[in-house]
Amino acid sequence: MKNLLLSNRGFCGGCDLHGRAGFRLPFLQLLSVIVVSEGSRVGSQRKICGSGVSKPSEMRDFVQIPGSASSFSRISPLIGVMPGQAAGGHSVSHGLNISALCRVTNFETVRRILGKLALQGALDELAHRITGTFGGAELIGAGRDLMEFAFRAADAQAAQAQLEAVRHELTSRQEGLAPEARLSFDIGAAWASCDEGDTLRLLEAAEAALDRAADAGGLAVIDLSLADRAVDRLTLISEMPRAIAAGEMFLHYQPKINVRQQQVASAEALIRWQHPERGLVLPGDFIAAAEESGQIAPLTLWTLRQVIADQRRLAAEGHDIPLFLNISGMLLANAEFIDAACAIITAHPEAKLGFEITETAVIRDPESAIRHLHQFADHGVVLAIDDYGAGLSSLAYLKQLPAKELKIDKMFVTQLTSSHRDPLIVRSTIDLAHALEMEVTAEGVETPAALALLSVMGCDLVQGYLISRPVPFAALCTFLDEQEHRIETLSNRPVFSRSGSFWKRA
């Protein structure tokens, strides 16, 4: 393995670790976790981490949790195992899991008064007081102006009381400071039954609550434990047109990193639905309903308009990266949708857009799909083949598509370091795509070991929870704004230091 790494420097970009923009990533540290002494081999995640981490508490120690807020990676908030859950996400007792996000609303003002180091120290102190005062409270993650806590409570009344107590604690601990130096907080929280175990849904609900907190007096809560939140597909179908018109749909973005340049190259838009009564409706529930009811076209056109608006906002802030959205296979044969989409794109020629389509979408109606994909390409849309290898891969169709990017399905990436066949499949797919002049994106990158192997294999882009989970647009902007600062901050340790098992899948 050592010889393989040394003989493939051209694939991993090791000759130019600083990249075009001067980023100084400790990428060789990522590769070094696999270059082990003679006679050893690439092992499982436990072997590569070097500490045999398996329990959630041990994993938190591995990524410097709990510690001061300054010890956290600034990539995005962590999604940890909630208190009272086992490693597999199963509840070990009854009650509610609570996720609370605390945002400093006057961060810039107080930073000018106190200075960066003093402000960071104040945030560290407040975080430690919260975890020390409330039994069972955990600091799950912290960023520039955001802290995420996890609690347990017996019922909704106790949960509300804990959140009120946290808000009081954050305020009362600053009484000795001058008024202009006091931190102001908005708190967004969500709770769900311990039996549910979906921490990603819980965190996304907390994010939605945080967006409402300013209008709710500084504290907003979403209750996911109500029994009437069961998804009724027929009801979702009937409510979807109203939801689109009422602005209940919103987008999260998951960045893709260029392995050689080691910076964000693009991002994928993922749609969410914040229902006023049911709370957060998962895409797996309403996307299928939209396809069945024929409403997938207006939903996709709404997404396209929103992505264009967001891309223009990013470009205005100096981050002119392409934004990709997924196109349902049912729409590639829909001439009316194709014309409507092309009209929207023509009206915004400056927008950098990409469409992700699956192989099975082409196989359904090859003639129409290929013709319409060429039409999109002629309008300047970058086309990516999504989930490659998960369906019936056809080289006959692959060579006809005007695609510029091929995304290897995560089923081949997640077991990359523990399977004998997956590395062969991935490497041959990368070589094939490069021969067809396509860039290659690996989905589902969750471990530093997988990232290192993909770099050696010549993979161009990576996407997965090792980098970032899907985040709201504002968080994506922060991610990009702080990119250079984050690289400098983490120059002494790997930027991708978290194991993917620490994240939950969307």
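The structure this text deals with has already been given above.
These lines cover the structure that appears in this document, whether it is placed above or below. (Residues numbered from 1 in each chain as written. Predicted model: local features only at pLDDT ≥ 70, side-chain atom pairs only at ≥ 80, totals over all residues. Heavy atoms only, no water.)

**Section: the pairing of strand β11 (residues 382–388)**
Remark: a regular strand shows side chains that alternate across the two faces of the sheet. Where we set the bar: We call a residue buried when its accessible area falls under 20% of the maximum for its residue type, exposed when it is over 50%, and partly exposed in between, using a 1.4 Å probe and counting protein chains only. Counting from the N terminus, the helices are the DSSP runs of H or I reaching at least four residues and the strands are the DSSP runs of E reaching at least two. By definition, two strands form a pair when at least two bridges between them are found by DSSP.
Across the seven residues that make up β11, a large majority, five, are buried. Taken together, the five bridges between strand β10 (residues 353–358) and β11 define a ladder with parallel strand orientation. Looking at β11, one finds that Ile 357 is bridged to Ile 385. One ladder, built from three bridges, connects β11 with strand β12 (residues 405–408); its direction is parallel. Bridged to Ile 385 within β12 is Leu 406.

**Let's talk about the packing of aromatic side chains**
So the rule is basically this: Only Phe, Tyr and Trp rings take part, Trp by its six-membered ring, and two of them pair if their centres are within 6.5 Å. Stacked means planes under 30 degrees apart, edge-to-face means over 60, and tilted covers everything else. Look at NZ for Lys and CZ for Arg. If either is within 6 Å of the ring centre and within 35 degrees of the ring normal, a charge sits over the ring.
Counted by the stated rule, this structure contains four aromatic pairs. Seen in terms of ring centroids, Phe 149 and Phe 151 are 6.3 Å apart; in terms of plane orientation they differ by 35 degrees. Their pairing is tilted. Across this residue pair, the class does not change: Phe 149 and Phe 151 are buried. A centroid spacing of 4.8 Å and a plane angle of 90 degrees characterise the contact between Phe 355 and Phe 376, whose relative ring orientation is edge-to-face. In this pair, Phe 355 is assigned in strand β10 and Phe 376 in helix α15 (residues 366–378), connecting sequence segments 21 residues apart. Like Phe 376, Phe 355 is buried. Its end group placed over the ring of Phe 324, Lys 256 keeps NZ or CZ at 3.9 Å from the ring centre.

**A look at the layout of surface pockets**
So the rule is basically this: Using a grid of 1 Å spacing that covers the protein atoms alone, one calls a set of points a cavity when a 1.4 Å probe fits there but cannot get out, and a pocket when the set is open and has protein on both sides within 12 Å along at least five of seven lines; lining residues are those with an atom within 4 Å of a point. Grid points are joined across faces, edges and corners, and a volume is the space filled by probe spheres set on the points. Residue polarity follows a fixed list, in which Ala, Val, Leu, Ile, Met, Phe, Trp, Tyr, Cys and Pro are nonpolar, Asp, Glu, Lys and Arg are charged, and the others, Gly among them, are polar.
When its volume is computed, the largest pocket comes out at roughly 1200 Å³. Glu 268, Leu 270, Pro 283, Asn 326 and Asp 386 are, among the 43 residues lining the largest pocket, the residues nearest its centre. Counting residues per element, the ones that place at least two in the lining of the largest pocket are α9 (199–213), β7 (263–275), α11 (283–293), α12 (296–316), β9 (323–326), β10, α14 (359–364) and β11. Broken down by class, the residue content of the lining of the largest pocket amounts to 17 nonpolar, 11 polar and 15 charged.

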